[in-house]
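Commentary on secondary and tertiary structure
This is what each chain is made of:
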Amino acid sequence: MNDMAGPPAETPPLRLAALDAEDLAIVSAHLQDATVRVGDMAFLPPSRRFALVAARFDWLGAGRGPCERCSTGLHFERVSSVKRIGFDQRAGTVLNLLAIVFLPGDAPSGIVMLSFSGGAALRLEVECLEAAMSDLGPRWTVDGKPCPPDAAGG
């Protein structure tokens, strides 16, 4: 019998947009346990944009095959201020992203909180929620799934 299956298909890049808290929860789930270098984050006040590049762990793909990460960009529009909490701003610092949530204010404005392990966080004041996430490049195999902070003693 001739096996026509061939090699597994390459995973297409993930692209998501978030215009409300439910959308952002989906983005957050896909970015859970992503690693982010502080030097790969930037607030651009003239364009009112906050952007970062992370090494996203592919939780969906890990259930079907090897554990992989890929470079992923995330940006928020209409950002009026960014505050960092609990981490050094040195470019070599690496953070582990746990969750991203939207806390509504006077509609449509609010706060976007990016929570990292160890109590670190970013607080983005936004005119309205407008975010986009996109995989940027090739994937690479990693040894296993990220370990929850509590299991690692963190």
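In this report, the structure presented in the accompanying data block is examined. Because the structure is a prediction, the values reported are computed rather than measured. (Residues numbered from 1 in each chain as written. Predicted model: local features only at pLDDT ≥ 70, side-chain atom pairs only at ≥ 80, totals over all residues. Heavy atoms only, no water.)

Some remarks on the overall build of the chain
To keep it simple, the criterion reads: Helix and strand assignments follow DSSP, with helices taken as H or I runs no shorter than four residues and strands as E runs no shorter than two, numbered in order from the N terminus. Here the Shrake-Rupley method, with its probe set to 1.4 Å, supplies the accessible areas, and only the displayed protein chains count as covering residues.
Within the chain, the secondary structure is distributed over two helices and ten strands. Along the chain, from the amino end to the carboxyl end, the secondary structure elements read β-α-β-β-β-α-β-β-β-β-β-β. Counting every atom, the chain has about 8800 Å² of accessible surface; 56% of that belongs to carbon and sulfur.

Structural notes on the packing of aromatic side chains
Convention followed: Any two of the Phe, Tyr and Trp rings considered here, Trp counted by its six-membered ring, make a pair once their centres fall within 6.5 Å; the pair's planes then place it as stacked at under 30 degrees, edge-to-face at over 60, or tilted in between. The buried label applies to any residue whose accessible area, calculated with a 1.4 Å probe on protein chains only, is under 20% of its type's maximum; exposed applies above 50%, and partly exposed to all values in between.
Enumeration according to the criterion identifies two aromatic pairs in this entry. Ring geometry for phenylalanine 57 versus tryptophan 59: centroids 4.7 Å apart, planes at 65°, classification edge-to-face. Accessibility expressed as a relative area gives 0% for phenylalanine 57, which makes it buried.

Notes on the pattern of salt bridges
Here is the rule we go by: By definition, a salt bridge exists where a carboxyl oxygen of Asp or Glu is found within 4 Å of a side-chain nitrogen of Lys or Arg.
Here the structure, examined in full by the defined rule, presents eleven salt bridges. With a closest N to O distance of 3.3 Å, arginine 139 and glutamate 68 form a salt bridge. On the criterion of sequence distance, the pair formed by arginine 139 in strand β10 (residues 131–141) and glutamate 68 in strand β5 (residues 68–76) is long-range, its members being 71 residues apart. For glutamate 127, the salt bridge is made with arginine 78, and the minimal N-O distance between the two is 3.4 Å. Here the residue glutamate 127 occupies a position in the loop between β9 (121–126) and β10, and arginine 78 occupies one in the loop between β5 and β6 (79–85), the gap between them amounting to 49 residues. With relative accessibility at 35%, the residue glutamate 127 sits in the partly exposed group. Linked through salt bridges whose partners overlap, the residues forming this network are Arg56, Asp58, Glu68, Asp135 and Arg139.

Examining the nonpolar core
Our working definition: For our purposes a nonpolar core is just a set of buried Ala, Val, Leu, Ile, Met, Phe, Trp, Tyr and Cys residues, chained together by side-chain atoms within 4.5 Å. The contact criterion used is simple: two residues touch if any of their non-hydrogen atoms lie within 4.5 Å.
Counting residues in each nonpolar core, the largest one holds 30 residues, and the members touching the most others are Leu24, Met41, Phe76, Ile100, Val112, Leu114 and Leu124. Looking at this core, the elements with two or more residues in it are α1 (21–31), β4 (49–57), β5, β7 (94–104), β8 (110–116), β9 and β10. Top contributing element to this core by residue count: β7, with four residues. Every residue in contact with leucine 124, bar those within four places of it in the chain, is listed here: Phe50, Phe76, Val79, Ser81, Val82, Gly110, Ile111, Val112 and Leu114.

Details of unusual backbone geometry
Here the bond from alanine 107 into proline 108 is cis, since omega is 5°, no more than 30 degrees from zero. Considering the arrangement of structural elements, one finds proline 108 in the loop between β7 and β8. In this model, aspartate 33 sits at a positive phi of 70°, which is unusual for a non-glycine residue. With respect to the helices, strands and loops of the structure, aspartate 33 is situated in the loop between α1 and β2 (35–37). Aspartate 33 gets classed as buried once you look at its relative accessible area, which sits at 5%. Unusually for a residue other than glycine, arginine 48 sits at a positive phi of about 55°. Along the chain, arginine 48 turns up in the loop between β3 (41–44) and β4.

Some points on the environment of cysteine 147
Inspection of the secondary structure assignment puts cysteine 147 in the segment after β10. Considering only alpha carbons, one finds cysteine 147 and aspartate 33, 114 residues apart in sequence, at a separation of 8.7 Å.

Here's the deal with the pairing of β3
Definition in use: Pairing between two strands requires that DSSP report at least two bridges joining them.
As paired elements, β3 and β4 share four bridges and run antiparallel to each other. Within β4, the residue paired with phenylalanine 43 across the bridge is phenylalanine 50. Counted along the chain from β3 to the antiparallel partner β4, the turn is four residues long, and its residue arginine 48 has a positive phi close to 55°.

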